[in-house]
Amino acid sequence: MDQHQIRNLLTDESFINYCLDRDVGDKQFWESYIQENPEQRKDLEDLKQQIVSLGRYAQARNLSDRMAMMRHAIRTRRRRLIRPYRWVGAAAAVFIVAVVGVMLHRLNRSAADLGRPMITGDGEQYTSPTLVLSDGRAIDLDSLAQGASVDLGSFWLEKNGEGQLAYRSLATSDTTQRIVFHSLVVPRGNTYEVVLPDQSIAMLNAKTVLQFPSRFAGNQRAVNLSGEAFFQVKKDTAMPFVVNAGDVRVTVLGTTFNVSAYVDDGEVVTTLVGGKVSVKNDKAEVILAPGQQAKAGGLTADIPLREVDLDEVLAWKDRKLIFRDEAFPELIKRLGRWYDVEFVYRGSNRQRYNGVLSLDKPLEELMSILQETSPLTYRIEPTNNNLKERRVIIE
């Protein structure tokens, strides 16, 4: 690997993302590249170590820490690179300082500038289903006509006849083609389906963000989930499908399953419909059979299993809410995701609820039903004098 290649890698955003584990798409690409080019493994691992060290430098809070890290990085790079390429000492130091300066500029840039969509929280800044591209552009999917397509270079997007967002890769033999990372954001009050690049299907519930690459590469198909989604995974034994939800990892070969990973729930709940999946965190791993549910997170490192009613778990796909022995605060939290409203609960209702609600009913009608069965009063008012944003005050 010559000086020119090293300089290009040290300032390449995709390679920096891989080294700092900032982008699943870039990580998959470079892991695949190293597998296909084993003769470069040692050089690339050496560069990765340097970038990780400089990443710590970029996060250092005081000048003395930064200067110490800079001097260490320069000494290390000179020791490892000057001998193989017989650089003149002064010239090498200038080259390294210049490259380090460019790297640190890039390391301090925002996530949006590094080729990964910047989604804050659960994507609350969007009011309709939206696809956020790696360069920060946002496509309002409601405004995309059925049958319409968007050409994005090496692949294109289509809103197919079933209203799904579908990815289609263009035929190419270029395996080094850059992978970009996209985010599908489904705000409160909506659901949306996407056909992923491997032709697996994901149906997203309200208040959900799914991040995935423009094509899958390497030895796995990995996506990141915040919220809830139902997956129908296309079978590929050589490349398992992986859902990352916080510290929990769900791995499958080809199956149908549901993952609920809302941040405000504090746990990741995986329910298997058919096939077999593995659910793993830092401390434990379990294998699910159809009809079983695993809960990871909360106050314990264990992942308990239980048998569940699949109709109840998957009712949201049919725009229904089934609840059994459910506390009132949990009930209104789930309703808030569907009706795009903020519930403010000021009461002490200890009643538990059983029933089925159609989520196609207007909010006012649903609240009237709850009022008939519960000792509560409510009012609906605008939020911050904004007539389009509402909140429900329950007492």
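Our structure's up above, just so we're on the same page.
Predicted model only: the values in this text are computed from it and were never measured.

Calculation rules
- Residues numbered from 1 in each chain as written.
- Predicted model: local features only at pLDDT ≥ 70, side-chain atom pairs only at ≥ 80, totals over all residues.
- Heavy atoms only, no water.
- Phe/Tyr/Trp six-rings, centres within 6.5 Å; stacked < 30°, edge-to-face > 60°.
- Helix = DSSP H or I, 4+ residues; strand = E, 2+ residues; numbered from the N terminus.
- Buried < 20%, exposed > 50% of the residue type's maximum accessible area, 1.4 Å probe, protein only.
- 1 Å grid on protein atoms, 1.4 Å probe; cavity = no way out; pocket = protein on both sides within 12 Å on 5 of 7 lines; lining within 4 Å.
- Points joined across faces, edges and corners; volume = space filled by probe spheres on them.
- Nonpolar A, V, L, I, M, F, W, Y, C, P; charged D, E, K, R; others polar.

Before going further, it helps to spend a moment on the packing of aromatic side chains. Any two aromatic rings considered together are summarised by their centre-to-centre distance and by the angle between their planes. This model, assessed by the stated rule, comprises seven aromatic pairs. Ring geometry for Phe 216 against Phe 241: centres 6.3 Å apart, planes inclined by 65°, an arrangement best described as edge-to-face. With Phe 216 in the loop between β9 (208–213) and β10 (221–232) and Phe 241 in strand β11 (residues 241–245), this pair connects stretches of sequence that are 25 residues apart. We note that Phe 216, like Phe 241, is buried. An angle of 55° between the planes, with centres 5.8 Å apart, marks the rings of Phe 231 and Phe 241 as tilted. Taken as a pair, Phe 231 in strand β10 and Phe 241 in strand β11 lie far apart in primary sequence, 10 residues in all. For Phe 231, a relative accessible area of 0% translates into the label buried. Using a relative accessible area of 0% as the deciding quantity, one classes Phe 241 as buried. What links up through ring pairs into an aromatic cluster is the set Phe 216, Phe 231, Phe 241 and Phe 257.

Attention now moves to the layout of surface pockets. Its boundaries defined by the atoms lining it, the largest pocket holds a volume of some 840 Å³. If you trace the largest pocket, you find 32 residues lining it, with Ser 260, Lys 295, Glu 312, Glu 326 and Arg 334 closest to the centre. Only β13 (256–261), β14 (267–274), β17 (292–297), β18 (305–307), α7 (310–313), β19 (320–327) and α8 (328–339) provide two or more residues apiece to the lining of the largest pocket. When residues in the lining of the largest pocket are grouped by element, the largest group, seven residues, is from β19. In the lining of the largest pocket, the residues fall into 10 nonpolar, five polar and 17 charged.

These values are about where atoms sit, not about what they do.
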